[in-house]
Structures are given as structure tokens and as C-alpha cells.
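Tertiary structure, described
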Amino acid sequence: MPADPDMVSFHADGAALIATRSKGTPPPYDSTIVRADASGGPWALVYETDAMFMVDRVANGRVGFIEYRAPYQGGGAYSNDFVVLDLASGVKTEIDRFALSAATYRGGGGGPRRPVGAIVLGPDHVAWTRLVEGSGGSITGELRIASLADPAEQQLVATSSEWIRPLDIDAERLVYVLGGRTEDALHVRDIATGADRVLLTGAVGDTVRGVIPDFDQAAVSGDWAVWLTDPKNFASKGQALNVRTGERRDLETGGSSCYGVSAGTRYFAWGCGKSSDAAAPPVLVIDAKTLEPLATLPSGIGVGVDATGDGLIWFNVNGSLRTVTLFRP
């Protein structure tokens with residue numbers, strides 16, 4: 001499908017391509033969710049809003065996202081609305097909302113880290129981080145989960161003023177990161193019983209300089225969480241952790257200076273920096289169950305390869321024409 005410059009994210013919903021558009025203009029923003037079916041018809045409008053999409057996840061015919069709104073005059077105040085949308089009917093379910101005053105604004109960053117709004121979507125549940133404003137513009141992150149059948153019945157999982165973020169949720173368990181001043185921990189929580197265990201811990205250094213454990217950026221598919229160690233380093237390696245058994249594996253990255261692990265139901269994928277004698281950056285796609293690399297990548301594969309749904313998405317650029325391809329083996 002043709003991909004215009006305002007499209008900022010792409011996902012697969014079965015055999016359909018889902019794209020979000022957000023224009024880089026002052027608020028109110030003009031954002032849409034569009035869909036293209038395998039028949040090759042044009043992009044069709046699914047949803048339209050005056051907000052900006054901050055995070056979006058697609059699962060089982062739904063998209064979960066955050067709507068960010070800020071006053072036109074600026075000042076640092078903003079609100080986040082957590083929404084789940086049925087992609088077939090366009091019916092919207094409002095999950096939660098928070099608003100922060102200008103007192104929480106830190107002048108564009110530069111200070112110690114603190115929680116941010118986040119959302120993950122599974123087949124039956126949704127998990128998100130909402131922010132609560134305290135005295136002096138302080139912020140506490142609350143990680144919550146709810147059933148999509150009854151989103152008003154919410155469960156508070158954990159809180160942190162340092163860092164807290166859901167990574168993945170399915171019908172049985174939630175994988176999340178709980179951060180502190182000296183250590184972050186990767187947790188898995190049983191949704192039915194509430195049993196919670198720590199899978200891995202990592203030391204936190206100077207958070208102003210971004211010294212945090214690499215598993216904070218893990219992608220999860222099935223029983224495996226995968227991340228890259230020190231992705232800014234030319235000698236970066238892949239790591240995998242089984243969230244059910246605790247098994248650890250080292251993974252070959254397929255290149256150097258690698259980045260951007262993505263996860264679908266069948267694959268993990270990431271790219272690596274371009275070497276001096278390569279025409280394009282190398283791409284590695286591995287099986288999400290065996291963690292074995294694909295011996296042969298699809299013909300015509302382009303750049304920006306992401307694992308999504310049960311397939312892969314990539315871009316090709318020919319002059320001014322940019323296209324996005326969904327490939328489902």
C-alpha cells in the first residue's frame with residue numbers, strides 16, 4: 001500500500017494493514033486510524049480524533065492507544081485518554097484518563113527519569129500506566145489492568161515515582177518493569193491469582209544519561225522476552241528470557257549497532273547498522289518459539305522491518321513513492 005508522510009505507525013490485523021496518522025501541527029491535532037484490506041482497496045477511515053496518538057497496540061481485531069491533548073498555548077499541561085477501539089465496528093471503549101497541570105513540566109527534559117503513560121493490549125485484557133500528580137509537580141505512575149469485558153473493574157498492580165511500564169499482556173499473565181532509584185526489576189504477574197514474581201533485576205545508573213537495564217525495552221512474544229544489550233554499542237548482543245521457566249539464552253544479532261526489537265505472534269525482528277560494504281542495513285528475523293533465525297528472508301524485503309501480527313511489515317522507497325508491505329507466510 002502507498003504510505004504517506006503523516007503515517008507514523010503500522011500494524012497487522014490478520015490480513016489487513018492498520019496505520020495511524022498524526023500531523024505535526026500545533027493542537028488541536030488531526031489524527032486518524034485507517035485500514036487497508038488484502039483485496040488491495042484504498043485506505044479506509046476507521047477512527048478520527050483531535051488528539052495525537054502517543055502509543056498504539058493491535059491485538060485480536062482491536063487497537064489500544066493513548067490520545068494526547070495539550071492546550072494550544074502550551075505551558076506544559078496535558079491529558080492522556082486510554083482507548084480501545086474495535087477495528088471492524090469503530091466502537092470506542094474509554095478505559096481511563098488522567099490530566100497533569102503545568103506544574104509537572106520540566107522544560108523539555110534533562111532531569112531524572114519518571115514514569116510516562118503507556119498501554120499494552122491482549123486478547124482479553126488491557127494494561128496501562130496512568131500518572132498521578134502530587135505536590136510540587138511530582139508524578140507517580142500507577143500500573144493497572146482490566147478485563148476488556150468490564151474495563152471499569154480495574155486492578156492496581158504496582159506504583160513507582162521512578163519508572164513503571166507494562167511490556168505485554170495475554171490471557172494469563174502480565175509482563176512489566178518496575179523501576180527504582182538503584183534497581184529495575186522485570187516482573188511477571190498471574191492475572192487470575194495475582195501471584196507476582198521477579199524474573200530479572202538490573203542496576204540503574206545515571207538516569208539523566210539513560211543508564212538503565214536493557215530489558216526495560218524488551219519485546220515479548222509467547223513465553224519469550226527479547227532485548228538487545230547496549231544497543232548503542234557496536235558489539236551489542238541479543239538476550240532472551242523465558243517468562244515461564246526463567247531460561248536465559250544468548251542470541252546472535254546478525255550485525256553491529258543493532259536496534260528496534262519488535263515482536264509478533266510468529267517472529268521477532270530487528271535491524272543493525274549498515275557496514276561500509278553493505279547496500280542496506282542487515283535485518284534479522286527469528287522464530288518466536290525456537291529463537292532460530294530465518295534462513296531466507298522474503299524477496300523484495302525493504303527497510304524498517306517490524307514483526308507484527310503473524311507476519312512482517314517493511315518499507316520500500318522509489319523516488320518520492322513510499323510503500324508499506326505486509327507479508328504473511
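1. Section: the nonpolar core
In terms of nonpolar packing, the biggest core is built from 16 residues, with Phe82, Val84, Ile95, Ile119, Leu121, Val126 and Trp128 touching the most fellow members. Listed by contribution, the elements that provide at least two residues to this core are strand S5 (52–59), strand S7 (78–86), strand S8 (92–100), strand S9 (118–121), strand S10 (125–133) and strand S11 (139–147). Contacts of Ile119, omitting those with residues within four sequence positions, involve Val55, Arg57, Gly64, Phe65, Ile66, Phe82, Val83, Val126, Ala127 and Trp128.

2. Digging into the sheet that holds strand S16 (residues 196–203)
Strand order in the open sheet formed by four strands is S13-S14-S15-S16, and the pairing between neighbours is antiparallel. Because the sheet does not close on itself, it has two edges, and the strands there are strand S13 (163–169) and S16. Between one strand and the next, the sheet's axes are offset by a mean angle of 20°, whatever the strand orientation. Here strand S14 (residues 173–179) pairs with strand S15 (residues 183–190) via seven bridges, running antiparallel. In the strand pairing of S15, Val177 is matched with Leu186.

3. Considering the pairing of S11
Across the nine residues that make up S11, a large majority, seven, are buried. Note: S10 against S11, nine bridges, orientation antiparallel. Across the sheet, the residue bridging to Leu131 is Gly141, located in S11. Adjacent in sequence and paired antiparallel, S10 and S11 are bridged by five residues, among which Gly136 carries a positive phi angle near 65°. When S11 meets strand S12 (residues 150–160), the two strands line up antiparallel, connected through seven bridges. Directly across from Glu142, in S12, lies its bridge partner Thr159. Between the end of S11 and the start of S12, which pair antiparallel, lie two residues.

4. Thoughts on the sheet that holds strand S23 (residues 283–287)
One open sheet holds the three strands; their spatial order is S21-S22-S23, and the pairing between them is antiparallel. The open sheet is flanked by strand S21 (259–263) and S23, the only strands paired with a single partner. Between one strand axis and the next, the sheet turns by 15° as a mean value, whatever way the strands run. Of the pairings in the sheet, the one linking S21 to strand S22 (residues 267–271) comprises three bridges and is antiparallel in character. Residue pairing for S22: Tyr259 is matched across the bridge by Gly271.

5. Description of unusual backbone geometry
The backbone of Asn60 sits at a positive phi, close to 50°, despite the residue not being glycine. Relative to the elements of secondary structure, Asn60 occurs in the loop between S5 and strand S6 (62–69). Classification of Asn60 by relative accessible area gives exposed; the value is 57%. Its identity as a non-glycine residue notwithstanding, Leu291 has a phi of 65°, on the positive side. On the secondary structure map, Leu291 appears in the loop between S23 and strand S24 (303–308).

6. Points about the state of the cysteines
Enumeration according to the criterion identifies one disulfide in this entry. What pairs with Cys258 in a disulfide is Cys272, and their sulfur atoms sit 2.0 Å apart. For the disulfide bridge between Cys258 and Cys272, the dihedral angle about the S-S bond is near 95°, and by the sign convention the bridge is right-handed. Of the two residues, Cys258 sits in the loop between strand S20 (248–251) and S21 while Cys272 sits in the loop between S22 and S23, which places them 14 residues apart along the sequence. With a relative accessible area of 1%, Cys258 lands in the buried category.

7. A few points about the pattern of salt bridges
This structure, assessed with the given rule, holds 22 salt bridges. Here Arg35 makes a salt bridge to Asp13, at a shortest N to O gap of 3.0 Å. Taken together, the residues span a long stretch of sequence, with Arg35 in strand S3 (residues 31–36) and Asp13 in strand S1 (residues 7–13) at a distance of 22 residues. Both residues of the pair, Arg35 and Asp13, count as buried.

8. Concerning the environment of Ala19
Looking at where Ala19 falls in the secondary structure, it is placed in strand S2 (residues 16–22). In this structure the C-alpha to C-alpha distance between Ala19 and Val8, which are eleven residues apart in sequence, comes to 7.4 Å. Not counting residues within four places of it along the chain, the set of residues in contact with Ala19 comprises Met7, Ser9, Phe10, Thr32, Ile33, Val34 and Trp43.

Cut-offs applied
Residues numbered from 1 in each chain as written. Predicted model: local features only at pLDDT ≥ 70, side-chain atom pairs only at ≥ 80, totals over all residues. Heavy atoms only, no water. Core = buried A, V, L, I, M, F, W, Y, C linked by side-chain atoms within 4.5 Å. Buried < 20%, exposed > 50% of the residue type's maximum accessible area, 1.4 Å probe, protein only. Helix = DSSP H or I, 4+ residues; strand = E, 2+ residues; numbered from the N terminus. Contact = heavy atoms within 4.5 Å. Pairing = 2+ DSSP bridges. Axes fitted to C-alpha atoms, helices over the stretch in contact; angles between N-to-C directions. Disulfide = S-S within 2.5 Å. Salt bridge = Lys/Arg side-chain N within 4 Å of Asp/Glu carboxyl O.

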